[in-house]
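Here is how the chains run, residue by residue.
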Amino acid sequence: MPKRLLTIILLCLLIIGQTVTADNENSIAREIKVGVYHNPPLIFSDSTGKAKGIFIDILEHIAIEKNWKLNYFNYTLEEALIATQNNLIDIAPCIAYSKEREKTIRYSKDPIFINWGVIYTGLENTIRDISEMENVKLGIEKGDIHGAAFIKLLKDFNIHTEIFNYADQKQLVEAIKKEEVEAIAINKVFGFNVNLKKELRETPILFNPVHLNFATSRESIELINELDTEISRFLTQSPEVYHSIIDRWMLAPIEKEKPLWLKVFLFVIGSIISLLVVYLIFLRVRITNNNRALKKELKLRAANEKLIAQLVNEKELILNSIDEQVVFVDPAYRVLWANKAYKEKTIKTFDNQLGQKCFEIVYGNKKPCEFCQIEKSKISNNTEVLEYFDEQNQKYYRTKTSPVYDGGTSPIGFVKVISDFTDKKKNEEELIAAKEKAEESDFMKSTFLANMSHEIRTPMNAIIGFSELLEDNDLTNAQKNNYLNIIQSNGQHLLQLISDILIFSQLESGHIELQYSSFNITEVLKEIYQQFKSEKEKLDKPDLEILLSIDKIESNTSLHSDNIRLKQIIFNLMTNALKFTEKGSITLGAYINENMLVIYVKDTGIGIPKDQQAKIFHRFLQVENPHLKKAEGTGLGLTISSDLIDLLGGKIEVKSKVDVGSTFTIYHPIYREESSNSIKQKQKTGIQ
């Protein structure tokens with residue numbers, strides 16, 4: 001019996017000894033060498049040399065779990081990649097994924113962040129798309145994947161640029177400020193933070209979305225496996241920590257080096273504040289102990305303060321930096337907050353609106369409007385969208401009303417985002433017009449097809465790219481809304497292009513469906529008149545006057561025809577008149593002659609030589625004037641107008657004299673019955 005007892009005791013001691021040994025081994029921290037390069041706020045070293053950024057915070061969180069001791073070494077991006085390949089460092093954070101790099105290093109399975117490349121220029125530069133990069137001095141960072149991708153993109157488009165290489169992105173920014181280069185290719189996040197003072201101009205050229213991962217050498221299989229396990233656990237089990245890290249760095253400006261006297265001053269102030277905080281904590285504890293009855297009230301106050309801090313401190317900076325008007329309304333329709341854009345554009349001062357109900361402010365009503373988007377959002381619990389045209393401002397607006405929750409089932413209020421997308425429409429039209437230059441028929445067809453191919457690919461790439469980004473479940477609502485806005489904008493652009501191509505294709509094949517309806521022809525003419533008055537102002541033609549002559553027809557005159565096609569015909573004629581008339585006047589008029597409605601556009605422009613008047617209705621042709629530069633356009637406007645008025649049962653005529661002006665006249669039948677195979681239902685057009 002004693003021998004058995006002794007044996008059991010020895011076994012227990014042996015087990016305890018092994019456990020203690022294992023614990024001692026685990027308590028020894030493993031040293032990990034980490035490479036740091038300058039790419040704030042993702043990764044960088046501050047003025048004291050301390051490593052900071054989104055990737056550093058995540059890695060230090062993992063290091064605590066794994067008992068790692070992290071040693072940081074400063075490199076450029078190119079040096080960090082070489083050090084990783086040669087196993088001089090254990091981990092390289094914030095490395096963009098590419099198949100070429102994967103041949104020499106290993107990547108973590110789960111990406112930490114998605115970033116884009118973007119082109120920045122000086123404030124005076126007007127580069128708007130990749131086609132304007134010809135012969136531009138372009139700066140890129142050595143080893144940067146965005147720079148390499150953009151060079152390949154330039155080669156694909158056969159665009160020649162002069163490339164300048166710099167050690168890091170900080171040198172790139174200094175180079176463009178010193179005008180050593182005209183443009184630089186950097187990543188989107190770094191560009192946003194470095195350009196907070198708007199010293200550079202961000203172009204619309206956005207390209208090469210990439211995943212940002214941790215990387216190791218090809219030999220560090222065990223280390224990359226540990227990283228994959230911890231990153232997966234971190235993203236799935238601690239998403240709130242991940243998002244708090246992202247929000248903190250994306251919303252906070254990058255620290256700049258402070259002078260010594262300021263550091264001393266801040267240290268003294270910090271010490272005083274720390275003492276005050278300790279004293280306040282002591283007082284708070286005493287008050288809490290002596291006032292148990294106020295516990296519920298304090299909790300409610302803390303919750304309200306948390307909500308206010310979240311709405312004001314975390315969101316106000318972002319919301320005030322956007323062009324869209326943003327208003328926060330409580331469930332009782334009272335206006336509680338608005339961003340800077342709303343306050344600047346609203347007619348009434350915001351102080352007079354604060355606390356008032358939205359329907360009282362806008363419409364003077366005593367109850368919600370029938371089309372109230374807040375009412376609809378309450379019922380659907382989703383975002384409600386309303387688009388409308390403001391006749392007073394002559395602008396188009398899109399209103400999005402979204403419910404806001406704070407963990408409960410009922411919304412605590414509603415956010416209304418009012419966007420002015422009039423300029424976007426005009427910019428799209430100007431972009432298309434700039435690409436349509438008339439030449440001979442065969443040459444113009446090739447140019448037309450090439451331009452359309454480019455114009456379709458550009459919005460399609462944006463739609464596909466941002467649609468893929470929306471698959472990321474970690475996106476915030478603001479990011480999703482931003483991506484959806486970009487998709488919608490490019491979708492509308494693509495739809496307009498396809499519509500133009502379809503109309504031309506249908507006219508070419510002889511098959512087009514007309515949609516008849518009754519409408520007030522005087523209102524249509526007034527609308528076109530107003531729009532071209534605005535267009536004239538935008539084109540800066542002070543010596544030109546736009547006139548409307550509709551006195552010979554009654555104001556309630558109603559026409560039964562295809563409203564859209566008739567508008568398109570008149571728009572084409574007015575557009576040509578505005579294009580070729582610098583001074584004098586352009587008159588849009590109408591009258592009734594027997595059984596015909598006559599609409600005319602008369603200008604005092606350059607005029608059309610008699611020998612070219614028959615050619616202007618041919619495809620892809622424009623009037624040639626050796627004293628004027630060639631006008632923009634596809635040469636299809638008058639062709640489409642002529643074909644459409646023929647389908648409507650009318651005709652178009654032109655009278656013109658060089659240096660005197662031109663008059664285009666449309667004859668539309670008062671009564672007509674459709675019998676063409678291209679129109680499925682028989683219609684009657686007529687003046688009512």
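Everything numeric here is computed off the predicted structure, so don't read it as measured data.

### Observations concerning the overall build of the protein
Item 1. Helices and strands together make up the secondary structure of the protein, namely 22 helices and 25 strands.
Item 2. In the protein, of all internal contacts separated by at least 6 residues, the share reaching a separation of at least 24 is 68%.
Item 3. Within the structure as shown, the protein displays about 40,000 Å² of accessible surface, and the carbon and sulfur contribution to it stands at 54%.

### Quick notes on the side chain of Thr-399
Item 1. Considering the arrangement of structural elements, one finds Thr-399 in strand β15 (residues 395-404).
Item 2. For Thr-399, a relative accessible area of 6% translates into the label buried.
Item 3. Leaving out residues up to four positions away in the same chain, Thr-399 has contacts with Glu-384, Val-385, Leu-386, Tyr-388, Lys-416, Val-417 and Ile-418.

### Observations regarding the pattern of salt bridges
Item 1. In this structure the tally under the stated criterion is 18 salt bridges.
Item 2. Between Glu-230 and Arg-233 there is a salt bridge; the shortest N-O distance is 2.6 Å. Of the two residues, Glu-230 and Arg-233 both sit in helix α8 (residues 221-237), 3 residues apart, roughly one turn of that helix.
Item 3. Look at Arg-233 and you get partly exposed, because its relative accessible area is 35%.
Item 4. Notably, a salt bridge pairs Glu-537 with Lys-536, separated by 2.9 Å at the nearest N-O pair.
Item 5. In this structure Lys-536 comes out as buried when scored by relative accessible area, which is 11%.
Item 6. Linked by salt bridges that have partners in common, Arg-30, Lys-66 and Glu-226 make up one network.

### Notes on helix α2 (residues 54-66)
Item 1. Over its 13 residues, α2 extends 19 Å from the first C-alpha to the last, a length consistent with the 18 Å expected when each residue adds 1.5 Å.
Item 2. Burial in α2 covers these residues: Ile-54, Phe-55, Ile-56, Asp-57, Ile-58, Leu-59, Ile-62 and Ala-63.
Item 3. Count one or two residues on from α2 and you reach Asn-67, which has phi positive near 60 degrees.

### Here we look at unusual backbone geometry
Item 1. Put simply, Pro-40 and Pro-41 share a cis peptide bond, and its omega is 0 degrees.
Item 2. By the element assignment, Pro-41 lies in the loop between β1 (30-36) and β2 (44-45).
Item 3. In the Ramachandran plot, Asn-135 falls in the positive-phi region, its phi being about 60 degrees despite a non-glycine side chain.
Item 4. Relative to the elements of secondary structure, Asn-135 occurs in the loop between β7 (113-121) and β8 (137-141).

### Some thoughts on the packing of α2 against α8
Item 1. Running from amino to carboxyl end, α2 crosses α8 at an angle of 110 degrees, the nearest separation of the two axes being 10 Å. Put simply, α2 runs roughly perpendicular to α8. Judged by residue contacts, Ile-58, Leu-59, His-61, Ile-62, Glu-65 and Lys-66 of α2 engage Glu-226, Leu-227, Glu-230, Ile-231 and Phe-234 from α8.
Item 2. When the residues that make up the contact of α2 with α8 are grouped by side-chain class, the tally is 6 nonpolar, 1 polar and 4 charged.

### A closer look at the packing of aromatic side chains
Item 1. Under the counting rule described, the total for this entry stands at 9 aromatic pairs.
Item 2. Geometrically, the ring pair formed by Phe-44 and Trp-249 is edge-to-face, given 5.7 Å between the ring centres and 85 degrees between the ring planes. Taken together, the residues span a long stretch of sequence, with Phe-44 in strand β2 and Trp-249 in helix α9 (residues 239-251) at a distance of 205 residues.
Item 3. Residue Trp-249 is classed as buried on the basis of its relative accessible area, which comes to 10%.
Item 4. A connected cluster of aromatic rings, assembled from ring pairs, spans Trp-116, Phe-466 and Tyr-483.
Item 5. A cation sits over an aromatic face here: Lys-552 above Tyr-591, 5.8 Å from the ring centre.
Item 6. Over the ring of Tyr-667 we find Lys-651, and its NZ or CZ is 5.2 Å from the ring centre.

### Section: α8
Item 1. Helix length check: α8, at 17 residues, gives a terminal C-alpha distance of 24 Å against a target of 24 Å (1.5 Å per residue), a fit within 8%.
Item 2. Within the span of α8, buried status applies to Leu-223, Ile-224, Glu-226, Leu-227, Asp-228, Glu-230, Ile-231 and Phe-234.
Item 3. Buried residues in α8 make contact with β1, α2, β4 (68-74), β6 (105-107), β11 (201-217) and α9.

### Observations concerning the side chain of Ser-220
Item 1. Structurally, Ser-220 is set in the loop between β11 and α8.
Item 2. Ser-220 gets classed as buried once you look at its relative accessible area, which sits at 12%.
Item 3. In terms of polar contacts, Ser-220 uses its side chain to reach the side chain of Ser-217, at 2.9 Å.

### Considering the sheet that holds β15
Item 1. One open sheet accounts for 5 strands, arranged β13-β12-β16-β15-β14; its pairing is antiparallel. Across the chains shown, the open sheet's two edge strands, defined by having one partner strand only, are β13 (335-338) and β14 (384-390). Taken over all neighbouring pairs, the strand axes of this sheet differ in orientation by 20 degrees on average, direction set aside.
Item 2. Examined bridge by bridge, strand β12 (residues 325-329) and β13 share 3 bridges and lie antiparallel to one another. By the bridge assignment, Val-329 is partnered in β13 with Val-335.
Item 3. Relative to β14, helix α16 (residues 373-380) is tilted by about 165 degrees, and along the sheet it contacts β12, β14, β15 and β16 (413-420).

### Side note on the sheet that holds strand β21 (residues 596-603)
Item 1. Spatial strand order, β18-β20-β21-β23-β22: 5 strands in an open sheet with mixed pairing. For this open sheet the edge positions go to β18 (544-549) and β22 (651-657), each flanked by a neighbour on one side alone. The sheet shows a mean angle of 15 degrees between the axes of neighbouring strands, taken without regard to direction.
Item 2. As judged from the 8 bridges shared by strand β20 (residues 584-593) and β21, these two strands associate in the antiparallel manner. Bridge pairing in β21 links Thr-587 to Lys-602.
Item 3. Sheet strands in contact with helix α20 (residues 521-538) are β18, β20 and β21, and its direction is about 175 degrees off that of β18.

### Considerations on the confidence of the model for the protein
When pLDDT is low, close inspection of the predicted coordinates is not appropriate.
Item 1. Chain-level pLDDT for the protein is 81 on average; 84% of the residues reach the 70-or-more range.
Item 2. Every residue in residues 20-25 is under pLDDT 50, and counting partners more than four places away or in other chains gives 0 contacts.
Item 3. Counting interchain partners and residues more than four positions distant, the pLDDT-below-50 stretch residues 627-634 has 25 contacts.

### Section: the environment of Gln-353
Item 1. Examined against the element boundaries, Gln-353 turns out to sit in helix α14 (residues 350-353).
Item 2. Each C-alpha atom, one on Gln-353 and one on Arg-334, is 8.8 Å from the other, the two residues being 19 residues apart in sequence.

### Brief notes about the packing of α8 against α9
When two helices pack together, their arrangement is captured by the angle between the axes and the distance separating the axes.
Item 1. Running from N to C, α8 and α9 cross one another at 90 degrees; their axes reach a closest spacing of 5 Å. Taken as axis vectors, α8 and α9 run roughly perpendicular relative to one another. Touching Phe-234, Leu-235, Thr-236 and Gln-237 of α8 are Pro-239, Glu-240, Val-241, Tyr-242 and Ile-245, all from α9.

### Regarding the nonpolar core
Item 1. Judged by nonpolar contacts, the single largest core of 45 residues is most densely connected at Ile-58, Trp-68, Ile-95, Phe-214 and Leu-227.
Item 2. With 7 residues, α2 is the largest single contributor of residues to this core.
Item 3. Those residues in contact with Trp-68 that sit more than four places away from it in its chain are Arg-30, Ile-32, Ile-62, Ala-63, Ile-91, Leu-223, Glu-226 and Leu-227.
Item 4. Counting residues in hydrophobic clusters, the runner-up holds 40 residues, among them Phe-519, Met-574, Ile-608 and Leu-638.

Thresholds applied
Residues numbered from 1 in each chain as written. Predicted model: local features only at pLDDT ≥ 70, side-chain atom pairs only at ≥ 80, totals over all residues. Heavy atoms only, no water. Helix = DSSP H or I, 4+ residues; strand = E, 2+ residues; numbered from the N terminus. Contact = heavy atoms within 4.5 Å. Areas by Shrake-Rupley, 256 points an atom, 1.4 Å probe, with all protein chains shown as cover. Buried < 20%, exposed > 50% of the residue type's maximum accessible area, 1.4 Å probe, protein only. Salt bridge = Lys/Arg side-chain N within 4 Å of Asp/Glu carboxyl O. Expected span 1.5 Å × (residues − 1). Axes fitted to C-alpha atoms, helices over the stretch in contact; angles between N-to-C directions. Parallel < 35°, antiparallel > 145°, perpendicular 65-115°, else oblique. Nonpolar A, V, L, I, M, F, W, Y, C, P; charged D, E, K, R; others polar. Phe/Tyr/Trp six-rings, centres within 6.5 Å; stacked < 30°, edge-to-face > 60°. Lys NZ or Arg CZ within 6 Å of the ring centre and 35° of its normal. Polar contact = N/O pair within 3.5 Å; in protein donor to acceptor, adjacent residues only side chain to side chain. Pairing = 2+ DSSP bridges. pLDDT = per-residue confidence, 0-100. Core = buried A, V, L, I, M, F, W, Y, C linked by side-chain atoms within 4.5 Å.

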